[in-house]
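This is what each chain is made of:
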Amino acid sequence: MSDERPEKPLPELRASDADRDRVVERLRDAVAEGRLDMEEFEERLEAAYKSRTYAELEPLTRDLPAPAGGPAGRPSTAGEPWTGRIGGAGSSTAAVAVMSGFQRKGRWTVPARFDAVAFWGGGQLDLREADFAQREVVINCVAIMGGIEITVPPGVELDVRGFGFMGAFDQGDNPGPFEPGAPRVVVTGFAFWGGVEIKVKQRKRPPGGPSLRKEL
């Protein structure tokens, strides 16, 4: 009797983070194309992140065509607003305002983690024209008797986790459905007698072209 173990079938192989990310990107494309509604997208998204093997990942996109499988002659726009905006080194990692103010706007690169502190002062972080060091960035805010305003463009995945004590983390607008390739912005921190406000506004001028919509 041979003691050689049979080669493990491909579907039983362990999936990597990159494999899961590719499936998630395809699911986001499917939402943008109208092939999945948000409820089904969220179910499959949760299953994708829980998947450990190729066998668990494969059914999640089995009924979806390949990314290039759309009708012939139809231009692809999915993900274009974010092309080239993910990756690189952060322009700065922190901003502090003590009885003063700070501002980050225009073309700058948001690092993987950015710390913003406002003490008897205020700060503005405008991400509408920004690049992102990686797909997910964390903005940690501390507002003490001060305020911090964060502006993001529609389409980003926004996750607000901050805590306010006699203060508030106010997400005034819903960013809407995630755009394919868009970054995930996590806002955390603490507000005491102060506040952190997150606004969603359209970019004034999309990269590489004229303004398509009037700013809200």
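Residues numbered from 1 in each chain as written. Predicted model: local features only at pLDDT ≥ 70, side-chain atom pairs only at ≥ 80, totals over all residues. Heavy atoms only, no water.

**Q** Explain helix α1 (residues 17-32) to me, please; I cannot follow it from the model alone.
**A** Each α-helix winds once per 3.6 residues, and so residues spaced three or four apart point in a common direction. Look at α1: 23 Å from first C-alpha to last across 16 residues, which is about the 22 Å you get at 1.5 Å a residue. Considered for burial, the residues of α1 that qualify are Asp19, Arg20, Val23, Val24, Arg26, Leu27, Arg28, Asp29, Ala30 and Val31. Taken from the residues just after α1, Gly34 is the one with a positive phi, measuring 80°. (Helix = DSSP H or I, 4+ residues; strand = E, 2+ residues; numbered from the N terminus. Expected span 1.5 Å × (residues − 1). Buried < 20%, exposed > 50% of the residue type's maximum accessible area, 1.4 Å probe, protein only.)

**Q** Help me understand the packing of aromatic side chains, please; the structure alone is not making it clear to me.
**A** Two descriptors summarise a pair of aromatic rings, namely the distance from one centre to the other and the angle between the planes of the rings. Scanning the entire structure with this criterion turns up five aromatic pairs. Here the aromatic rings of Phe163 and Phe190 are separated by 6.0 Å at their centres, their planes lie at 20°, and the arrangement is stacked. Note that Phe163 is positioned in strand β10 (residues 163-165) and Phe190 in strand β12 (residues 184-192), a separation of 27 residues in sequence. Look at Phe165 and Phe192: their rings are 5.8 Å apart centre to centre, the planes differ by 5°, and that puts the pair in the stacked class. Of this pair, Phe165 sits in strand β10 while Phe192 sits in strand β12, and the two are 27 residues apart along the sequence. Following the ring pairs from residue to residue traces out a cluster consisting of Phe165, Phe192 and Trp193. (Phe/Tyr/Trp six-rings, centres within 6.5 Å; stacked < 30°, edge-to-face > 60°.)

**Q** I'm lost on a negative patch on the surface in this one. Help?
**A** On the surface, a cluster of negative charge is made up of Asp37, Glu39, Glu42 and Glu43. Its place among the elements puts Glu43 in helix α2 (residues 38-50). (Patch = residues over 30% accessible without salt bridge, like charges linked within 9 Å, V, L, I, M, F, W, Y side chains within 5 Å. Areas by Shrake-Rupley, 256 points an atom, 1.4 Å probe, with all protein chains shown as cover. Salt bridge = Lys/Arg side-chain N within 4 Å of Asp/Glu carboxyl O. Lys, Arg positive; Asp, Glu negative; His and termini not counted. Charge placed at Lys NZ, Arg CZ, Asp CG, Glu CD.)

**Q** Explanation requested: the nonpolar core in the structure shown.
**A** Nonpolar side chains in soluble globular proteins tend to be buried together. If you look at the biggest cluster of nonpolar residues, it comprises 30 residues, and the most contacted ones within it are Leu127, Cys141, Ile150, Val187 and Val196. Sorting the residues of this core by element identifies β1 (94-98), β4 (113-119), β7 (136-144), β8 (147-152), β12 and β13 (195-200) as the ones contributing at least two each. At four residues, the largest contribution of residues to this core is made by β7. When near neighbours in sequence (up to four residues on either side) are disregarded, Leu127 contacts Arg85, Trp108, Val110, Phe132, Ile139, Ile150, Thr151, Val152, Pro153 and Val185. In this structure, Val23, Phe41, Ala48 and Leu60 belong to the second largest nonpolar core, which totals 13 residues. (Core = buried A, V, L, I, M, F, W, Y, C linked by side-chain atoms within 4.5 Å. Contact = heavy atoms within 4.5 Å.)

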